[in-house]
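So you can see what is in the structure, the chains are spelled out below.
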Amino acid sequence: MRRLFPVTDETAAPGASSGTSGDGRGGPGSGGGAGGGGREWSLAELAAAYAYPAAATGVGPGAGGRDRQPWLRANMVSSLDGAAQHEGRSQPLSCPADMRIFGTLRALADVVLVGAETVRQEGYRPARARAEFAAAREAAGQGPAAAVAVVSASLDLDFSLPLFTSPLVPTLVLTGSAAPPDRVAAAEAAGARVVTAGEGTGVDPGRAVRALAERGHTRLLTEGGPRLLGQLVAAGMLDELCLTVAPMLTAGDAQRIAGGPSVTLPRRFALKSMLEEDGFLFTRYARA
């Protein structure tokens, strides 16, 4: 893996692609680490490259736990021709490096926000504890793994799945105040924690983010799907997009990474970093 942006002395150096620096050491600040190519980045390097802003982590002057501001990032993949899925799933567009970043982003997050249809289509399971991140999570005051928060109006979910019955951290279900009472009871009986985040049957994106932040989940990650991401974008709640561009063409009528309501004017995001491996681009954009 190599860093394409931001360009540093190391990435611009003629020998940067060799993956080694002059003293043989690697790291995000050296030619042999984030700057170089030709080797697999360590999980620690990826974690440093994708660290949450200080405001969301409680780091910095006066940044106590209650003062943390939620930061919502999305992690999505797209083909060259704009498809977010192939035959209903994102996995065919992925690669090993993409999955390493996927796992790293989950390991950094307090909670993973996901739509009900994505849970059904992708066969979602609970986030797992990873020994490589255990010390860092404990030092950050996080649990052993990120909680999963499922957004669902109807609660048409299979509550016998491990996502609900055996997570390390109880799964949250975000729904509206008019959700079917029998489905609410079924979710709670399975061990899920139901959170009202909207009036009627729908979920309000802003209210959902605030409800999670009130529970101490300020490092938020959404993995879609496209409908949920579109709602978050339209509501102005998205702070950051981590987008993998796969060197593939799919044609067909697959969804884009975000669907649903449109915004009045396109919102400008700024490129923060770009990595490359085997033709895949791993981009990171944040609010301009």
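Worth saying up front: this structure is predicted, and the values here are computed from it rather than measured.

**Q** Can you explain the pattern of salt bridges? Please cite residues and give values.
**A** As enumerated under the stated definition, the model contains ten salt bridges in all. Among the salt bridges present, the one from glutamate 117 reaches arginine 120, with a minimum N-O distance of 3.0 Å. With a gap of three residues between them, glutamate 117 and arginine 120 both fall in helix H5 (residues 116-122), about one helical turn apart. For glutamate 117, a relative accessible area of 42% corresponds to the partly exposed category. Via salt bridges that share partners, Arg73, Glu240 and Arg284 belong to a single interconnected network.

**Q** Describe helix H4 (residues 96-108), with residues and values.
**A** Taking 1.5 Å of rise per residue, the 13 residues of H4 would be expected to cover 18 Å, and the 19 Å separating its terminal C-alpha atoms lies within 8% of that figure. For H4, the complete set of buried residues consists of Ala97, Asp98, Ile101, Gly103, Thr104, Leu105, Arg106, Ala107 and Leu108.

**Q** Can you tell me about the environment of alanine 288, naming the residues and giving the values?
**A** By the element assignment, alanine 288 lies in the segment after strand S10 (280-287). Remark: the alpha-carbon pair of alanine 288 and leucine 271, spanning 17 residues in sequence, is separated by 8.4 Å. Leaving out residues up to four positions away in the same chain, alanine 288 has contacts with Arg268, Phe269 and Ala270.

**Q** Break down the nonpolar core for me, citing the residues and quoting the values.
**A** By size, the foremost hydrophobic cluster in this structure holds 31 residues, and its most contacted members are Met1, Leu46, Tyr50, Tyr52, Ile101 and Phe282. Counting only elements with at least two residues in this core, the list comes to helix H2 (43-49), strand S2 (71-79), H4, strand S8 (240-246) and S10. Among the elements that make up this core, the one with the highest residue count is H4 (five residues). Not counting the four nearest positions on each side in its chain, tyrosine 52 is found in contact with Thr57, Trp71, Arg73, Leu108, Ala109, Arg219, Leu220 and Leu221. Met76, Val111, Leu113 and Met237 belong to the second-largest nonpolar core, a separate cluster that totals 28 residues.

**Q** So what about the side chain of threonine 171? Which residues, and what values?
**A** With respect to the element layout, threonine 171 can be found in the loop between helix H7 (162-165) and strand S5 (172-175). The class of threonine 171 is buried, set by a relative accessible area of 1%.

**Q** Describe the sheet that holds strand S1 (residues 2-5), and please don't skip the residues or the numbers.
**A** With mixed pairing, ten strands are arranged side by side in an open sheet as S1-S9-S10-S8-S2-S7-S3-S4-S5-S6. In this open sheet, the two strands that pair with only one neighbour each are S1 and strand S6 (193-196). Sheet twist, expressed as the mean angle between neighbouring strand axes with direction ignored, is 25°. Pairing analysis gives four bridges linking S5 to S6, with the strands arranged parallel. Following the sheet pairing, leucine 172 is matched in S6 by arginine 193. Against the sheet, H4 engages S2, strand S3 (111-115), strand S7 (219-222), S8, strand S9 (269-277) and S10, with an angle of about 165° to S2. Docked against the sheet, helix H9 (residues 205-214) engages S2, S3, strand S4 (147-151), S5, S6 and S7, running at close to 145° with respect to S5.

**Q** Provide a residue-level description of the layout of surface pockets, including the pertinent values.
**A** For the second largest pocket, the calculated volume is near 550 Å³. Val233, Leu241, Arg256, Ile257 and Ala258 are the residues nearest the centre of the second largest pocket, which is lined by 24 residues in total. Listed by contribution, the elements that provide at least two residues to the lining of the second largest pocket are helix H10 (226-234) and S10. For the lining of the second largest pocket, the element with the most residues is H10, which contributes five residues. In terms of residue class, the lining of the second largest pocket is made up of 14 nonpolar, six polar and four charged.

Calculation notes
Residues numbered from 1 in each chain as written. Predicted model: local features only at pLDDT ≥ 70, side-chain atom pairs only at ≥ 80, totals over all residues. Heavy atoms only, no water. Salt bridge = Lys/Arg side-chain N within 4 Å of Asp/Glu carboxyl O. Helix = DSSP H or I, 4+ residues; strand = E, 2+ residues; numbered from the N terminus. Buried < 20%, exposed > 50% of the residue type's maximum accessible area, 1.4 Å probe, protein only. Expected span 1.5 Å × (residues − 1). Contact = heavy atoms within 4.5 Å. Core = buried A, V, L, I, M, F, W, Y, C linked by side-chain atoms within 4.5 Å. Pairing = 2+ DSSP bridges. Axes fitted to C-alpha atoms, helices over the stretch in contact; angles between N-to-C directions. 1 Å grid on protein atoms, 1.4 Å probe; cavity = no way out; pocket = protein on both sides within 12 Å on 5 of 7 lines; lining within 4 Å. Points joined across faces, edges and corners; volume = space filled by probe spheres on them. Nonpolar A, V, L, I, M, F, W, Y, C, P; charged D, E, K, R; others polar.

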